[in-house]
Each structure stands twice: as C-alpha cells, then as structure tokens.
Amino acid sequence: TQRFIWPMAQFGQIINMYQRARASAARVFGLMDEPSRLGENPDADELVVEEGRVEYDDVTFGYDAEPTVSDVDFTVAGGETLALVGPTGAGKSTVLKLLLRMYDVDEGAIRIDGQDVRDVTLPSLRRSIGYVGQSSYLFYGTVRENITYGTFDASDEAVVEAAKAAEAHSFIENLPDGYDTMVGERGVKLSGGQRQRLTIARAVLADPEILVLDEATSDVDTETEMLIQRSLDRLTTDRTTFAIAHRLSTIKDADTILVLEGGEIVERGTHEELLETDGLYANLWGVQAGEIDDLPQEFIERATE
Ligand code: ATP
C-alpha cells in the first residue's frame, strides 16, 4: 500500500552504511552555534544535569500554523540512547531542535532532569548538550584550536587524550605540524572521516552530559568507518544520546527506537521488539534484508519471497 512505499526507499538510504551524505542545505544543526531567537526567562536558573533523563511531554510544534510534530511523548533515561528513524521531512531534526530550544514548543513541555528547558539559561542548556554530525564544522585554525573550541581551559594532555579517544591522534601526528597544523578553509585538506573524528574529539573534550548525534556517513573506507564507530561507541557510553540514526549498529543497539512519520511517533521499541510487532519498522527491515548480512533468516526469506 501507499504507506509503505516511501519508507522502503528511504530506509534503503538510512541503513546503508556507505550511503553518500545527503546534501541537505537545510540541515538544522548548521544553526547550532547561532544564538536562539527566543528570549530568556528572566528568572531562568542554570540547568543542573544529574542523571541526564530527558522527557518529552506531549510536545506539539509547528513552524507555521500547521503542526510539524504532534503529541511527541517519550522519556529517555539517563545514559541511554534513543534513535530517531523515519523518512525525510518526518520531523527528526525538529524534535532535536526543540531540545536545544532553537524553537519553543507550542504545546507540552520538554524537561531535562525535571527542569523545563524554558526555565533554564540558554548557555547552560547548550553547554550540556553536545553535537556531533555532518554540519559540525572546522574553522580555519590549528587542529588543537579546533578540538578545544568551546572548552577554554583544556590542557595539551587533555587534548591528546580526547584525540586518542576519537581515534584521531595517529593521523594528527602525521600531519605536517601535528596538533599545530592549520586546518579548515585554506588549511590542510582533511578527508571526511578525519574531519568527523576531529569533531568527535571536540565532543569528547567538551564532555557534555547529553549528546546529539546526526550520524550521516561520508564516503569513508571500511577501516575509517570502523574507527569512527569505535570512537562514537566510546563517546555515547553512559551519556544520554539522541541519534538521528543512519548506522545499522546504532539502530540495532539503541535502547529505544522511535519511528517518526509525518511528525508523529508511529512505532517505538527496541530493534527486536519492533521486529516482533511486525509493523512498519519490521517491514522496512524485511525489504532491506537482502542488503544486510546479519538479519534473522526469516526476514531475509520474507524479503526475497
Ligand atoms: P531529514 O531526514 O530530511 O533531515 P527530518 O525528519 O529531520 O528530515 P525535519 O527537518 O524535522 O525532518 O523537517 C520536518 C518538516 O518541517 C519538513 O516538512 C520541513 O520542510 C519543515 N521544516 C524544517 N525546518 C523548517 C523551518 N526552519 N521553517 C519551516 N519549515 C521547516
């Protein structure tokens, strides 16, 4: 039926680890370092993150009169990973923009450890939430400056530790001036995989309690892919993580997967639970099974029926 046509095509892209990064100029997180247009509540307190529990309480929001996301309701326990999947335009990025308070909800509330994001100062909110993704950028400056960006009191040892955790240390050492090599526009050209690892090192150093991961993959070889995966695993362990998931491993290992369609949560659960309920998500997997090695045989059979 109609309902299943778009997602099949979409999911083919989402779960293909080597998909080329979608060139979407509208990627929301280019906004990440822009000041929010929203006013700050004069009584705002500093956000205090203890567990990192994030709660969306019946959130509805629209850029205009029409709601873009409706009745989004879920809780992520501290340290867990929530994967958002769904087709282009389903509202995945919008859900995360609301967490960062790029926009305020029209209805409902978003709370971090019980604190409404509208009642905390924006700098404390943004500091607590790190971002790694395709629009995280490098500026013209040294490798070290790019890693310490936003973390002002980092020692050289801490920078190297972060680079090691991000699997970036060895390629940095091989650059002409090591950590003092100029990168970014006009600087030494880095591959997509190297740039990603530098931004992961930046996030490791900043050590935010909550992480937003927009995992678009660039064209990287298998070994780089593996290094990136390993560094991301390290980064997300024990940290509340929201992933706009493109990597198979993230989707499968997420504590909760939300399947969004037309701004609504249409399914939720773990990978196994969603396969068992035999709904939209399972269908998508079945269809894609031919491209995936480690699926249960029954799904491969279904896909090839
Ligand atoms: P993708 O996978 O392509 O990134 P997505 O699931 O993240 O898609 P969103 O980017 O959240 O989807 O977009 C949801 C809807 O909101 C889309 O119809 C989009 O065109 C619209 N939209 C996104 N940003 C804006 C904006 N700044 N102003 C108006 N409409 C917007």
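Residues numbered from 1 in each chain as written. Predicted model: local features only at pLDDT ≥ 70, side-chain atom pairs only at ≥ 80, totals over all residues.

As annotated in an unreviewed UniProt entry, the chain carries the name ATP-binding cassette, subfamily B and is attributed to Halopenitus malekzadehii.

A. Focus on the nonpolar core. By size, the foremost hydrophobic cluster in this structure holds 67 residues, and its most contacted members are Ala83, Leu84, Ile147 and Ala201. Not counting residues up to four positions away in its chain, the partners in contact with Ala83 are Ala243, Ala245, Thr250, Ile251, Ala254 and Ile257. (Core = buried A, V, L, I, M, F, W, Y, C linked by C-beta atoms within 7 Å. Buried ≥ 20, exposed ≤ 12 C-beta atoms within 10 Å, placed from the backbone. Contact = placed C-beta atoms within 7 Å.)

B. View of helix 8 (residues 222-236). With 15 residues, helix 8 should cover 21 Å at 1.5 Å per step; its first-to-last C-alpha distance of 21 Å lies within 8% of that length. Every buried residue of helix 8 is accounted for by Thr224, Leu227, Ile228, Ser231, Leu232, Leu235 and Thr236. Angularly, the buried residues of helix 8 cover 155° about the axis, an arc narrow enough to put them on a single face. With respect to the buried face of helix 8, the exposed residues turned more than 90 degrees away are Thr222, Glu223, Met226 and Asp233. Within two residues after helix 8, Asp238 carries a phi angle of roughly 60°, on the positive side. (Helix = DSSP H or I, 4+ residues; strand = E, 2+ residues; numbered from the N terminus. Expected span 1.5 Å × (residues − 1). Arc of directions from axis to C-beta.)

C. How the structure looks around the sheet that holds strand 6 (residues 129-133). Read across the open sheet, the six strands follow the order 6-9-10-3-11-12; overall the sheet is mixed. The two strands at the open ends of the sheet, each matched to only one other strand, are strand 6 and strand 12 (264-269). Within this sheet the neighbouring strands show an average axis-to-axis angle of 20°, counted without direction. The sheet contact formed by strand 6 and strand 9 (residues 210-214) spans five bridges and is parallel. For Gly133, the partnering residue across the bridge sits in strand 9 and is Asp214. Contacts between helix 2 (residues 92-99) and the sheet are confined to strand 3 (81-85), strand 6, strand 9, strand 10 (240-244) and strand 11 (256-261), with strand 10 contributing the most and set at about 150° to the helix. (Pairing = 2+ DSSP bridges. Axes fitted to C-alpha atoms, helices over the stretch in contact; angles between N-to-C directions.)

D. View of the sheet that holds strand 2 (residues 69-76). With antiparallel pairing, four strands are arranged side by side in an open sheet as 2-1-4-5. This sheet does not close on itself; its edge strands, each paired only once, are strand 2 and strand 5 (115-116). Two elements, strand 4 (residues 107-112) and strand 5, share two bridges in a ladder whose sense is antiparallel. Within strand 5, the residue paired with Arg111 across the bridge is Asp116. Contacts between helix 2 and the sheet are confined to strand 1 (54-61), strand 2 and strand 4, with strand 1 contributing the most and set at about 115° to the helix.

E. Structural detail: helix 2. Burial analysis of helix 2 places seven of its eight residues in the buried class, the great majority of the element. Those residues of helix 2 that fall on the buried side of the exposure criterion are Lys92, Ser93, Thr94, Val95, Leu96, Lys97 and Leu98. Positive backbone phi, at 60°, marks Arg101, one or two positions downstream of helix 2.

F. Region of the structure containing the confidence of the model for the chain. Residues at a pLDDT of 70 or more form 77% of the chain, whose mean pLDDT is 80. Throughout residues 1-35 the model reports pLDDT below 50, and contacts reaching past four residues in sequence, or to other chains, amount to 43 contacts. Across residues 290-305, where pLDDT falls below 50, the model places 15 contacts with residues more than four positions away in sequence or in other chains. For this predicted complex, the interface confidence reaches an ipTM of 0.97, while the overall pTM sits at 0.79. (pLDDT = per-residue confidence, 0-100.)

G. Seen up close, the environment of Val188. By secondary structure assignment, the location of Val188 is in the loop between strand 8 (182-183) and helix 7 (192-206). Each C-alpha atom, one on Val188 and one on Tyr140, is 9.6 Å from the other, the two residues being 48 residues apart in sequence. What Val188 contacts, discounting residues up to four positions off in sequence, is Leu175, Pro176, Thr181, Met182 and Val183.

H. The arrangement of the packing of helix 5 (residues 156-165) against helix 7 in detail. Following both chains from N to C, one finds helix 5 and helix 7 inclined at 125°, their axes separated by 8 Å at the closest point. One way to sum up the angle between helix 5 and helix 7 is to call them oblique. Two packed elements cross with a definite hand, and for helix 5 against helix 7 that hand is right-handed. In contact with Ala158, Val159, Ala162, Ala163 and Ala165 of helix 5, helix 7 contributes Ala201, Val204 and Leu205. Residue classes in the contact of helix 5 with helix 7 are distributed as eight nonpolar, no polar and no charged. (Parallel < 35°, antiparallel > 145°, perpendicular 65-115°, else oblique. Left-handed = near helix turned anticlockwise from the far one by under 90°. Nonpolar A, V, L, I, M, F, W, Y, C, P; charged D, E, K, R; others polar.)

I. Main features of the environment of Gln194. Summarising the element assignment, Gln194 is placed in helix 7. Judged by the 21 C-beta atoms lying within 10 Å of it, Gln194 is buried. Spatially, the C-alpha atom of Gln194 lies 16 Å from that of Thr148, the residues being 46 residues apart in sequence.

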